[in-house]
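# Structural description and commentary
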Amino acid sequence: MQNKGLVKLFALLFGLVSIYQLSFTFKANQIESQAQEIAINKIPDTEEDFREKRSDEEANYLESIANDTVYNIGIAKFTYNDVKQKAMNLGLDLKGGINVILQVSVKDILKGLANNTKDPVFNKALDDATELQKNSQNTYLEDFFIAFDKIKGDTKLASPDIFYTKALDGEINGSMTDSDVKSIIETKIDESIVSAFEVLRKRIDEFGVTSPNIQRLGNSGRILVELPGVKDVERATGLLQSTAQLEFWDAYKGEQFFPFLVQANEVLKDIVKVDVADEEVEPQDEENAEDSQIDALLGEAETDSTAISSVNPIFDLIKGQGYQGGPIIASFELKDKETVLNYLNLPQVRALLPAEHRYAKFAFGKPDKNSELVDLYALVGNRENVPPLSGAVVTDARNQFGPTGKSEVSMQMNSKGAKVWEEMTGNAFNQGSQIAIVLDNIVYSAPGVTTGPIAGGSSSISGDFTLNEAIDLANVLRAGKLPASADIISSEVVGPSLGQEAIDSGTKSFMIALALVLLWMIFYYGKAGGFADIAMVLNILLIFGILSGLGAVLTLPGIAGIVLTIGMSVDANVLIFERIREEIVKGKGQKEAIQDGFSNALSSILDANITTGLTALILFIFGTGPIKGFATTLLIGIGTSLFTAIFITRLLVDWYINKGGKLDFSTALTKNLFRNISIEFLKKRKVAYMVSAVFIVVSLGSLFTNSLDQGVDFVGGRTYQVRFAQDVSASEITDVLSQPEIFGSADAKTFGSANQLKITTKYKVNETGSEVDEEIRKALYDGLVPYLEGISYEKFLDLNDVNKQVGLLESYKVSPTIADDIKQASVWAVLGSLIVVFLYILFRFKKWQYSLGAVAAVFHDVLIVLGVFSLTYKFMPFSMEIDQAFIAAILTVIGYSLNDTVVVFDRIREFFNEHTSWKFDKVVNVSLSSTLSRTLNTSLTTLVVLLSIFIFGGDSIRGFMFALIVGVIVGTYSSLFIATPIMYDSVNKLEGKKKND
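Residues numbered from 1 in each chain as written. Predicted model: local features only at pLDDT ≥ 70, side-chain atom pairs only at ≥ 80, totals over all residues. Heavy atoms only, no water.

## A short note on the pattern of salt bridges
Where charged atoms from two side chains of opposite charge approach closely, those side chains can pair. For the coordinates displayed, the defined rule picks out 30 salt bridges. Of the charged contacts, one joins aspartate 571 and arginine 934 as a salt bridge, the two residues approaching to 2.6 Å between their closest N and O atoms. Remark: arginine 934 occurs in helix H31 (residues 932-952) and aspartate 571 occurs in helix H19 (residues 556-585); sequence separation between them is 363 residues. Arginine 934 carries the same exposure label as aspartate 571, and that label is buried. When the shortest N-O distance is used, the salt bridge between glutamate 910 and arginine 907 registers 3.9 Å. Taken together, the positions of glutamate 910 and arginine 907, both in helix H29 (residues 884-914) and 3 residues apart, correspond to about one turn of that helix. (Salt bridge = Lys/Arg side-chain N within 4 Å of Asp/Glu carboxyl O. Helix = DSSP H or I, 4+ residues; strand = E, 2+ residues; numbered from the N terminus. Buried < 20%, exposed > 50% of the residue type's maximum accessible area, 1.4 Å probe, protein only.)

## Brief notes about the environment of glycine 953
Along the chain, glycine 953 falls in the loop between H31 and helix H32 (958-996). Exposure remark for glycine 953: the relative accessible area of 7% places this residue in the buried category. C-alpha of glycine 953 to C-alpha of serine 509: the two residues are 444 residues apart in sequence and 5.3 Å apart in space. Beyond its immediate stretch of four places on either side in the chain, glycine 953 contacts Ser505, Ser509, Ser948 and Arg958. (Contact = heavy atoms within 4.5 Å.)

## Regarding the sheet that holds strand E20 (residues 717-723)
Strand order in the open sheet formed by 8 strands is E5-E6-E4-E18-E23-E20-E22-E21, and the pairing between neighbours is antiparallel. Every other strand in the sheet has two partners, leaving strand E5 (213-217) and strand E21 (746-751) as the edge strands with one partner each. Averaged over all pairs of adjacent strands, the angle between their axes in this sheet comes to 20 degrees, without regard to strand direction. (Pairing = 2+ DSSP bridges. Axes fitted to C-alpha atoms, helices over the stretch in contact; angles between N-to-C directions.)

## A look at the nonpolar core
Counting 125 residues, the largest nonpolar core has Met521, Phe577, Phe886, Ile894, Ile908 and Phe960 as the members making the most contacts within it. With 17 residues, the single largest contributor to this core is H29. Grouped together as the second largest cluster of nonpolar side chains are 46 residues, Val104, Ala114, Ile172 and Ile185 included. (Core = buried A, V, L, I, M, F, W, Y, C linked by side-chain atoms within 4.5 Å.)

## Here we look at unusual backbone geometry
Residues other than glycine predominantly adopt negative phi, and peptide bonds predominantly adopt the trans conformation. Notably, asparagine 116 is not glycine yet its phi reads approximately 50 degrees, a positive angle. With respect to the helices and strands, the residue asparagine 116 is situated in the loop between helix H5 (106-113) and helix H6 (120-133). Residue asparagine 116 is classed as exposed on the basis of its relative accessible area of 53%. For serine 707, which is not glycine, the phi torsion reads 60 degrees and is therefore positive. Checked against the element boundaries, serine 707 lands in the loop between helix H22 (685-705) and helix H23 (712-715).

## Overview of the packing of H29 against helix H30 (residues 920-930)
Packing of H29 against H30 leaves a shortest axis separation of 9 Å and a crossing angle of 130 degrees. Taken as axis vectors, H29 and H30 run oblique relative to one another. For the pair H29 and H30, the sense of crossing is right-handed. From H29, Val904, Arg907, Ile908, Phe911 and Phe912 reach across to H30, where they touch Phe920, Val923, Val924, Val926, Ser927, Leu928 and Ser930. Across the contact of H29 with H30, the residue classes tally to 9 nonpolar, 2 polar and 1 charged. (Parallel < 35°, antiparallel > 145°, perpendicular 65-115°, else oblique. Left-handed = near helix turned anticlockwise from the far one by under 90°. Nonpolar A, V, L, I, M, F, W, Y, C, P; charged D, E, K, R; others polar.)

## Some details on the packing of H6 against helix H7 (residues 140-151)
Here H6 crosses H7 at 125 degrees, and the two axes come no closer than 8 Å. Compared by their axis directions, H6 and H7 come out oblique. Considering the relative orientation of H6 and H7, their crossing is right-handed. Residue-level contacts link Val121, Phe122, Lys124, Ala125, Leu126, Asp128, Ala129, Thr130, Leu132 and Gln133 of H6 to Tyr140, Asp143, Phe144, Ile146, Ala147, Phe148 and Ile151 of H7. Of the residues that constitute the contact of H6 with H7, the class distribution is 12 nonpolar, 2 polar and 3 charged.

## A look at the pairing of strand E23 (residues 807-814)
Of all 8 residues that make up E23, 8 are buried, and the element is covered over most of its length. As defined by bridge partners, strand E18 (residues 486-494) adjoins E23 across 5 bridges and the pair is classed as antiparallel. When the sheet's bridge partners are listed, valine 494 is paired in E23 with glutamate 810. The sheet contact formed by E20 and E23 spans 7 bridges and is antiparallel. Note that in E23 the partner of threonine 719 across the bridge is tyrosine 812.

## Quick look at the side chain of threonine 760
Here threonine 760 shows up in strand E22 (residues 753-761). Of note is the side chain of threonine 760, whose polar atom sits 3.1 Å from the side chain of threonine 719. Leave out the neighbours within four places in its chain, and threonine 760 touches Val712, Arg718, Thr719, Ala746, Asp747 and Glu881. (Polar contact = N/O pair within 3.5 Å; in protein donor to acceptor, adjacent residues only side chain to side chain.)

## Observations regarding helix H24 (residues 730-737)
All of the buried residues in H24 are Ala730, Ile733, Thr734, Val736 and Leu737. Down the axis of H24, the smallest arc covering the buried residues is 165 degrees, so these residues share one side. (Arc of directions from axis to C-beta.)

## Re the confidence of the model for the chain
In this model, the chain carries a mean pLDDT of 80, and residues with pLDDT of at least 70 account for 87%. Looking over the chain, one finds the lowest element-wise mean pLDDT in helix H12 (residues 305-308), namely 40, and the highest in H22, namely 93. For the stretch residues 274-287, pLDDT sits under 50, and the model shows 13 contacts to residues farther than four places along the chain or on other chains. In this model residues 298-310 is a low-confidence stretch, pLDDT under 50, and it forms 18 contacts with partners more than four residues away in sequence or in other chains. (pLDDT = per-residue confidence, 0-100.)

What follows is the structure in C-alpha cells.
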C-alpha cells in the first residue's frame, strides 16, 4: 500500500478530532449529572411537586454556570454554554421534546394582500382552492390561481377590488395582465413565508432551546421546527402558533348592552328552537320579563335558573355579570364561548344593535387560572374592523413585575403609535371608559385611565400572567407577529421518560450487536478478524465524532443506522479476507496474496457501498426527522467503513506480517468451510422462479384483499402512546374509545408490553387548532379514566417527569394534506432509488441485462416484504404500521439486496474476462459458488446485528427491524436465485435472437 505514512497521520488526526468532539458530550453529561445530584440533595421526595421543583432547580443551576469556565484542555477554555453547544445533539426519540410542521396560511396572506376584499370571485376562488387542496399536490397559491382562472370571467387580479390596492400601488397597476400579477403575488407570498420563518426563528432563539432545528420545506409554506429537550410542550406550541396580533380598542361600558342582550335572547328563542321539554314555565308579560332579566344581570334580584333553563338561549348560559361602569357585559363558561359569539354575530341579532353600537365588536377575555369562567366584552368597532392602534407600532417589549407584584409586559411604541396612544388614553380619561388590550382576539386586560393622557408611547399589558406567560408574550411582541396564522399540521411529542428508555434500549442493542460481531470475526478469521475488529471500533469512534462535529442529531433509527454500518463494515472486511483466502489457495505467498486480495476486492467493495449510498442519499433527501437521522448515520458510516476496512485493516495486517507474523485468515473450525463448492445454481432457477412466483402471487393477493396497516403518516390522524399501571385489553379500549360520545372510531394496539397501548383516531382529522387538540386529549383521558387508577388529567398529560410510568408518553398528529404528501414522497423515494441504481449498474457493467436483473430482484424483494407485512400485521405482537420508518426499511432492503447482487456481478465480470474459453453458464455458476462464502457470512452477521436490535431495541423500531430482517433473508435469496438468473436468461435470449437473425 502506497503512502502508509499519510494514512497513519490521517487516521491519527481523524481519531484525535473525533475524541476531541466527543469529549464535549461526556463533559456536558457530567455537568448535567452534577446538576441533577444538587437538585435531588436540595429538594427531598417528601416535598409537594418535588419533580417540578427539582427540574426548576436543575435549570437554575445550569443557567447560573452558563458563562463559567467548566472545561479546560490547556490550549483552550470553554464555558458550559460552549460545551453544550458542541455536545452531540440527541433527537426527540432519545431526549424527548416536540417536532412540528407548521403550515403558514397562504389564504390569510392573500386576504391581507387584497385588503380583506369582499369581491365574490376572489373569495369563491379562495374557497375552491381550499377544496382543491384536499386532493392536490400543488401549493395553495397554485390552486388559487387555477380556481380563479376557472371562474374569473371579466374579473382581473389587477382589479381595484382585489390586488390593485393602496398597499400594492407601485408594484401592481390596473393595466397589468393576470400573468404579470401572478408573478408579483408569488414573490409577495414567498416574502411573507420568509418573514414567518424569521419570526419563528427569533421566538425560538428567545425561548432558549438547546440545538433547535428550523427549516422551510420547499415552497409549500411549511416550516419544520424541532425542539429536542423541551418539557413544557403547551408553552412551546403556543409560542409557535401565536400570531401575536396585538390590538388596542376602545371599550364600551358593559351595562350599555343589557337591553340588547334581552332582545337578542327573545329573537334567538325562535332561531335556536329550544325545546321546553316537560317543565312548566310561568308566563310573564313582556315588560316584566325584560325588567327581571336586566335586574338579574345587574345582580339586583335573584333568578330562579330552573324556571328559565330551557327557554333562554343566552340567559341560560350567563354565570355572572360585570360591575357597574366596567367593560364586562357578563361571564360565561369556557365551553359556551363559541356558542355565545355565534349567537351575537348572527345577522338577525346584530340588527338589534342601536345605530351608535352597530359596529360593536364582541370579544372574550383571558380566563383566570383554574377558572372555568370567561368574561364578555364589547369593543368600539368600525366599518373596516380595523383597530385604532395595532401591535405594529411596538418597538420593544419586556416582562416586568407590576405594583402588585404580578407579572406584566411593558411596551415602547414608535412616534406614530405614541401619538395615537396619547389620543386614545386622553379620550378614555375624559369619558371614564376603558381601553381593551387584545392579543389574538382575546382581551388580556381592559384598564381605565386615571391620570390623564399617556404621552411618550410607554404602556404595559397587565393580566393574570404567570412569569413564563409574560416572558413568552414579551418575546413574541419583540420578535414580531406572524404574517398569517400558522397551523400545526404534523406534530410529534415525546416525553423524556420515553426518551430515556430509548437511550437505554438503543445502547443495550448496540453493545450486544457489537460484541457478537467482534466475537464472530475472531471466531471465523482468527487474528485477522481481531485486526478487523480494531478497525471496526475505530470506525464507530469516527462515526460518533463526525456526527458530533457536524452538529447532526442522533436518533434511535440513527443508532440502528450505526449498528447496520457495523454489518457493512464487516461486509467489506469479509470481501477482502475471502479474496485473500482464495489467493492463498492458489498457492501465492502471504504478502502477494494479501496485496492481490485487497486489490481484487476493491471493485466489489466500492460498487456495493456506492449502491447502498445512493439509496441512503435518496432517503436523506426525501426523509424527515428520525428517518433523515437514519440516512445521515448510514451515509457517514459508509464513508468511514470504506476508510477503516480498506486502509486501517490493511495497515494492521501489513504491520503484523512485516514483523514476521503469520495470518491464515481462518481458524481450525472455519479453514475448509465453503471450500470447493460447486453448485449448479442456474439449473435450479426454474424451481426458484416458481417458488418466487407463488410468494409474489400470495403477496399481491394479500395486498389487494387484506391491504396494509397504514399509519397516520399516510392517512392522517392522531396517535397517542399511553402506559397503564396494569395490563389492559387493546380490544376493550378500542370499544370504549369508539363509542359515539368519545371518538366514534378508534384503534388501540398493544405496543411493547401488555400495559402499553398505541391509540389512533381520525376524530376531527381535518381540524388542526390547539383547541381541537385539547378537546381530543380530554376525550381520550375521559375514556381511559377507569383504567388509570385515579391519575389526574394534569398528571396524565405531564411530560416533565423523567420517571413517568403511567399516562401519556408520546403523541403524534398528521393532517390528511401532509399525509398525502408523505405518501407521494415515499413512492418517489422508492422509484427514484430504483432508477438511480439501474443507471449506476448500467454505467458500471455496460449491459442493461445486469441492471434488469438487479432491479427485478429488488422489485421481488419489496413485493415479498410488503406481502409479509400484509399477511401478518393483524396478529404480530408489535406494531407493523406502514409509515416513514417502513419506507426507510424498504430503501435499506433495496440497498442491501443490491449490495449482494453487485458483488456477484463483479465476480461474473471478472471471470468472464479471465476465463474467455468458459461457457457463460459456467462463468455464472462458478461466480455464484465462489461468492457464496461471502454472501452467507455477511448475511449471517447482518442478521445477528438486526436480531439484537429487534430483541433488545426500543418498541418504536421493532417493526422497522422486522422489515429489515425479512429483507435481508429475501435479498440474500434473490441475489442468488433471481437477479443473476434473470440477467443470464436475458443475455441468452438476446444472443439467441441475434443468431436467428
